[in-house]
Amino acid sequence: MRNNDFNDVVQNRHSVRHFDKSVKIPRSEFKEMFEETVTAPSGCNLQGWHFEVADTPETIAKVKKYMLRFNDPQMDSCAAVVQVFADVYAYKKYRENWSKEYETGNITKEKLDEVLRTFLPSYENGTYYSCAIDSIRSCSLAAMQFMLVARNHGYDTNPIAGYDESKIARTFNLEPKRYLPVMAIVIGKSNETEETMAKTTRYPAETVYHFAE
Ligand SMILES: Cc1cc2nc3c(=O)[nH]c(=O)nc-3n(C[C@H](O)[C@H](O)[C@H](O)COP(=O)(O)O)c2cc1C
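Worth saying up front: this structure is predicted, and the values here are computed from it rather than measured.

**Some words on the packing of helix 2 (residues 27-37) against helix 7 (residues 128-152)**
Running from N to C, helix 2 and helix 7 cross one another at 130 degrees; their axes reach a closest spacing of 9 Å. By the angle class used here, helix 2 and helix 7 are oblique. In terms of crossing hand, the pair formed by helix 2 and helix 7 is right-handed. Here Phe30, Met33, Phe34, Glu36 and Thr37 of helix 2 lie close against helix 7, whose contacting residues are Ala142, Gln145, Phe146, Val149, Ala150 and Asn152.

**Looking at the packing of helix 5 (residues 94-104) against helix 6 (residues 109-124)**
At a minimum axis separation of 10 Å, helix 5 and helix 6 run at an interaxial angle of 165 degrees. Comparing the axis directions of helix 5 and helix 6 gives the class roughly antiparallel. Handedness of the crossing formed by helix 5 with helix 6: right-handed. Facing helix 5, whose interface residues are Tyr94, Arg95, Trp98, Ser99 and Tyr102, helix 6 presents Lys109, Leu112, Val115, Leu116, Phe119, Leu120 and Tyr123. Each residue belonging to the contact of helix 5 with helix 6 can be placed in one class, and the counts come to 9 nonpolar, 1 polar and 2 charged.

**Comments concerning the site of the ligand**
Among the 14 residues in the neighbourhood of the ligand, the closest are listed as Ser15, Arg17, Asn71, Gly162 and Arg202. Here an oxygen atom of the ligand and a side-chain polar atom of Arg13 are 3.0 Å apart. Thr200 places a polar side-chain atom, nitrogen or oxygen, 3.5 Å from an oxygen atom of the ligand. Starting from 610 Å² of accessible surface for the ligand in isolation, the protein chains cover 68%. Per-element tally for the shell around the ligand: the top contributor is strand 3 (residues 156-160), with 3 residues. Residue composition of the shell around the ligand, grouped by class: 4 nonpolar, 7 polar and 3 charged.

Thresholds applied
- Residues numbered from 1 in each chain as written.
- Predicted model: local features only at pLDDT ≥ 70, side-chain atom pairs only at ≥ 80, totals over all residues.
- Heavy atoms only, no water.
- Axes fitted to C-alpha atoms, helices over the stretch in contact; angles between N-to-C directions.
- Helix = DSSP H or I, 4+ residues; strand = E, 2+ residues; numbered from the N terminus.
- Parallel < 35°, antiparallel > 145°, perpendicular 65-115°, else oblique.
- Left-handed = near helix turned anticlockwise from the far one by under 90°.
- Contact = heavy atoms within 4.5 Å.
- Nonpolar A, V, L, I, M, F, W, Y, C, P; charged D, E, K, R; others polar.
- Near = heavy atom within 4 Å.
- Polar contact = N/O pair within 3.5 Å; in protein donor to acceptor, adjacent residues only side chain to side chain.
- Areas by Shrake-Rupley, 256 points an atom, 1.4 Å probe, with all protein chains shown as cover.

Coordinates in, geometry out; function isn't part of it.
Here it is in structure tokens:
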């Protein structure tokens, strides 16, 4: 059942840490959720995200090994864990991606020449650090979008960065210098009660914005 109440999807998203263990998510539904996630924006449309989905007891156990122990309740009850990675070398497909936009008719030859002349060199001449930040930034937007898409599908999530970063890429046979862990997202059907649900507050909005002078 889809939840199409935008306000409910966004404003009632909270980190859920206790899930109904009997609920599994079909892989066909994961496909749909990722199709709805990858419309997220990314710097120069580089889409440098990669999602590893652990949805079996064996793969969830592998993920649990690099998690800090305080995340055990989520790991022991979720339907799946989505480990989000940032591809630092996403910019290597810059020329190919933008040439495709030209061939499809989305941009003119002039626009193609312009982006290849201006943005591409800024990646090619950039540092590893600047490419990593660029990619992590875009992946964070995709991660947020995935969490909201999950709510639209009737699931809840908890973003997690309480883990041993050094072990993550190798767990999925990925090259650690290229694929940086952004966050893990546990997903499932909430089993929280009034007692177990962690409540959080925010700084008053008026303390976090300022109209620039
Ligand atoms: C990048 C990031 C890392 C987080 N890591 C963890 C974590 O390791 N374990 C956990 O239980 N919650 C984790 N959280 C969830 C936060 O504690 C939670 O979002 C925050 O307290 C606000 O609560 P809410 O999500 O219910 O609104 C993380 C959230 C973010 C955005």
